[in-house]
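# Examination of the molecular architecture
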Amino acid sequence: MLSAYRPRALVHAAARLSVRAASSSSGPSTKYTAVTHPEDAESLPPTLHRQITRLESCTANTYARPPLIFTSGRGSHLYTAHPSREYLDFSAGIAVNALGHSDTGFIAVMADQVGSLAHASNVYWNEWVGELASLLVGLTRREGGLGYAPDPEYKFFARDSAGHLFTRTYMEPDPAALPAPAPAGAKVFLSNSGTEANEGALKFARKYGKEQWAKRTGRPWEESTKTRFLCFEHAFHGRSMGALSATPNAKYQKPFTPLIPGFDVGKLNDMAAVEMITEDHCGVIVEPIQGEGGIFECDVAWLEAIRKRCDEVGAVLIYDEIQCGLYRTGTLWAHSQYPVSAHPDIVTMAKALGNGYPIGGILVKEHIAETVTVGSHGTTFGGNVLAARLAHYVLTRLSAPSFLDHLALVTSSLSARLAPLPSYFPKIVSGIRGRGAIRGVAFHTPEDAGKLLKMARERGVLFLTAGKDVVRFVPSLNIGLKDVEHAMDVLESCLVLMQDGQA
Ligand SMILES: Cc1ncc(COP(=O)(O)O)c(C=O)c1O
């Protein structure tokens, strides 16, 4: 059951229908069957191979990279210098470059901030950390999330919410014009990455759980048994020991055992998992739309049941919206589209927040944030003035109505092009997953996903894989309609070749 609130991405049904009608009648594209960006040794300059061999000799071997060195980017396009090539980036640096590459506003804000102050540590206030927190909380209250129903009238003070270049000569407005400080209902802790945001969220839940247990039992918190977590199959929460313990994938976990004890693993959308949450659980962590694991969406009714059970046993519900949040589904949070009865206590974010500048964040209900006292958590870089100001700028741009109108249009076009693929290619494509600008094409044969990724790259388009058998699309949120059409033409051309046994 969806809430009565209609997110902007859902408002443009008429536009969506006309896009669908225009594109689905003509059958799959065969425009891009020829290889244009070959990767075989003979097609690439010998100097490139020598350069990569030299770099490989001293770089940790954690990625199987294709023989490409990107030297610049603009919008949704990336460029290599040797050979001189252009690629359409339909992956946005793994759901990061929401504003695309080399956005002029982003560059100007970065230059301005670096020219005044880049870092002075969290020992002191800086001009932007609190502004970013205020914007995150204010937008959450306005658009809905973290237990708040959407309230379009919610007033909050945001520094230059029009998204203009923030200058160093910013003047404080008349204090009398500011709303009286009132509890905002939520607080923000800023980190450097998604992994660290989840790590912090797990720590917050543990501390809160122990303290609640001590209050309830009258015994010292050190004796608390309320320390367990529930996570889910196919989840990806990061690679530090805590986040990795909540990432039940043998490929990532096995080499590093023993992990942190106390993590139980449930099945996504399985009501039996709800029963796994006991009085000993301090937290449950779940992605409303799993990204790395294969673009699996949680059922809203299942999330409501998880929420209810968490309330019964006093467990903190954490939504990892690191990949699916920050407008990727058309609203601030993926869960902004759910009823309050399916909202979490904590939301973690990263990726798009910095548009490529590393930053993560934890948005926490106020009563839980109160347990995170001075000295109980911290970071050198997280929320420094440069990161916070850039994220404030990015979030201001992403939340602008005109930006979201454009996003609704391009995601409608994407949906229209993806929808017929299972019927065009029934032997290859098993289904379409996700919503908004986090989408996947699932394959019957897992190897086909990797095969398609390479074929598309050899035709100048960058996709990603997810899980075992999915090609994933997480483009920039300001991508142009033409670029969406081009990416889908290349996708279809590759699928035609695969279907005809030519790949
Ligand atoms: C849902 C989710 N959580 C956590 C992470 C980890 O974030 P980071 O790589 O910034 O540490 C990722 C990264 O892909 C992710 O998709």
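Because the structure is predicted, anything quoted here is derived from the model rather than measured.

### Structural notes on unusual backbone geometry
- For the bond from His82 to Pro83, the omega torsion is -5 degrees, close enough to zero to count as cis.
- If you trace the backbone, Pro83 turns up in the loop between strand E2 (77-80) and strand E3 (85-89).
- Between Thr257 and Pro258 the backbone carries a cis peptide bond, its omega angle lying at 0 degrees.
- By the element assignment, Pro258 lies in the loop between helix H9 (250-253) and strand E6 (263-266).
- Even without glycine at this site, Ser102 takes up a positive phi of about 55 degrees.

### Focus on the nonpolar core
- Ranked by internal contacts, the top residues of the largest apolar core, which has 74 residues, are Phe90, Phe463, Leu491 and Leu495.
- When residues of this core are assigned to domains, at least three fall in each of domain 1 (8-84 + 93-102 + 402-499) and domain 2 (129-399).

### Observations regarding a nonpolar patch on the surface
- Together, Met241, Phe256 and Ile260 make up an exposed nonpolar region whose accessible area comes to about 260 Å².
- Of note, Ile260 is situated in the loop between H9 and E6.
- Judged by its relative accessible area of 33%, Ile260 falls in the partly exposed class.

### Overview of the packing of helix H14 (residues 401-418) against helix H17 (residues 481-499)
- At their nearest, the axes of H14 and H17 sit 9 Å apart, and the two run at 15 degrees to each other. Considering the angle they form, H14 stands roughly parallel to H17. At the point where H14 passes H17, the crossing takes the right-handed sense. Between H14 and H17, the residues in contact are Leu409, Val410, Ser413, Leu414, Arg417 and Leu418 and Leu481, Val484, Glu485, Met488, Asp489, Leu491 and Glu492, respectively.

### A few points about the sheet that holds strand E5 (residues 228-232)
- With mixed pairing, the 7 strands of this open sheet are ordered in space as E4-E12-E11-E10-E7-E5-E6. If you trace the sheet from one side to the other, it starts and ends with strand E4 (186-191) and E6, each paired once. On average, each strand axis in the sheet is tilted by 20 degrees relative to the strand beside it, whichever way the strands run.
- Across 3 bridges, the pairing between strand E10 (residues 316-320) and strand E11 (residues 346-349) is parallel. When the sheet's bridge partners are listed, Ile318 is paired in E11 with Ile346.
- Sheet contacts for helix H6 (residues 129-143): E4, E11 and strand E12 (360-365); angle to E4, the most-contacted strand, approximately 130 degrees.

### Section: the site of the ligand
- Around the ligand lies a shell formed by Ser193, Gly194, Thr195, Asn198, Phe236, His237, Glu287, Glu292, Asp320, Ile322, Gln323 and Lys351.
- Within the side chain of Thr195, one N or O atom sits 2.5 Å away from an oxygen atom of the ligand.
- For the ligand, whose free accessible area comes to 390 Å², the fraction covered by protein is 82%.
- Tallied by class, residues from the shell around the ligand come to 2 nonpolar, 6 polar and 4 charged.

### Focus: the sheet that holds strand E16 (residues 464-466)
- In space, the 4 strands of this open sheet follow the order E13-E14-E17-E16, with antiparallel pairing throughout. One side of each edge strand has no neighbouring strand; the edge strands of this open sheet are strand E13 (429-435) and E16. Across the sheet, the mean angle separating the axes of adjacent strands is 30 degrees when strand polarity is ignored.
- Note that E13 and strand E14 (residues 438-443) share 6 bridges and pair antiparallel. Residue pairing for E14: Arg435 is matched across the bridge by Ile438.
- In the packing of helix H16 (residues 447-457) onto the sheet, the strands contacted are E14, E16 and strand E17 (470-473), and the crossing angle to E16 comes to about 170 degrees.
- The sheet strands contacting H17 are E13, E14 and E17, and the helix crosses E14 at an angle near 5 degrees.

### Points about the pairing of E17
- Burial along E17 is two-sided: Val470 and Arg472 and Val471 and Phe473, pointing in opposite directions, are all buried.
- The pairing of E14 with E17 spans 4 bridges and is classified as antiparallel. Across the sheet, Ala442 pairs through a bridge with Val470, a residue of E17.
- Inspection of the sheet shows E16 paired to E17 by 3 bridges, in the antiparallel sense. By the bridge assignment for E17, Thr465 is matched with Val471.
- Turn length for the E16-E17 hairpin, with the two strands adjacent in sequence and antiparallel, is 3 residues, and the turn residue Gly467 shows positive phi of about 60 degrees.

### A look at the domain arrangement of the chain
- Assigned domains of the chain: these are domain 1 (8-84 + 93-102 + 402-499) and domain 2 (129-399).
- Here the C-alpha centre of domain 2 lies 29 Å away from the C-alpha centre of domain 1.
- Contacts between domain 1 and domain 2 engage 27 residues on the former and 27 residues on the latter.
- Buried area between domain 1 and domain 2, both sides added, is near 2,400 Å², and the carbon and sulfur share of it is 58%.
- Contact with domain 2 buries surface across domain 1, with Leu99, Arg435 and Ile438 losing the most and accounting together for 30% of the total.
- Our count for the domain 1 to domain 2 interface comes out at 2 salt bridges.

### What to know about the packing of helix H5 (residues 104-114) against helix H13 (residues 385-398)
- Orientation of H5 relative to H13, taken along the N-to-C sense of each, is 155 degrees, at an axis distance of 10 Å. In terms of orientation, H5 and H13 fall into the roughly antiparallel class. Where H5 crosses over H13, the handedness of that crossing is right-handed. Here Gly105, Phe106, Val109, Met110, Asp112, Gln113 and Val114 of H5 come into contact with H13, specifically with Val385, Leu386, Arg389, Leu390, Tyr393, Val394 and Arg397.

Procedures and definitions
- Residues numbered from 1 in each chain as written.
- Predicted model: local features only at pLDDT ≥ 70, side-chain atom pairs only at ≥ 80, totals over all residues.
- Heavy atoms only, no water.
- Helix = DSSP H or I, 4+ residues; strand = E, 2+ residues; numbered from the N terminus.
- Core = buried A, V, L, I, M, F, W, Y, C linked by side-chain atoms within 4.5 Å.
- Buried < 20%, exposed > 50% of the residue type's maximum accessible area, 1.4 Å probe, protein only.
- Domains from an automatic or database assignment.
- Patch = residues over 30% accessible without salt bridge, like charges linked within 9 Å, V, L, I, M, F, W, Y side chains within 5 Å.
- Areas by Shrake-Rupley, 256 points an atom, 1.4 Å probe, with all protein chains shown as cover.
- Salt bridge = Lys/Arg side-chain N within 4 Å of Asp/Glu carboxyl O.
- Axes fitted to C-alpha atoms, helices over the stretch in contact; angles between N-to-C directions.
- Parallel < 35°, antiparallel > 145°, perpendicular 65-115°, else oblique.
- Left-handed = near helix turned anticlockwise from the far one by under 90°.
- Contact = heavy atoms within 4.5 Å.
- Pairing = 2+ DSSP bridges.
- Near = heavy atom within 4 Å.
- Polar contact = N/O pair within 3.5 Å; in protein donor to acceptor, adjacent residues only side chain to side chain.
- Nonpolar A, V, L, I, M, F, W, Y, C, P; charged D, E, K, R; others polar.
- Buried area = accessible area lost by both parts, 1.4 Å probe.

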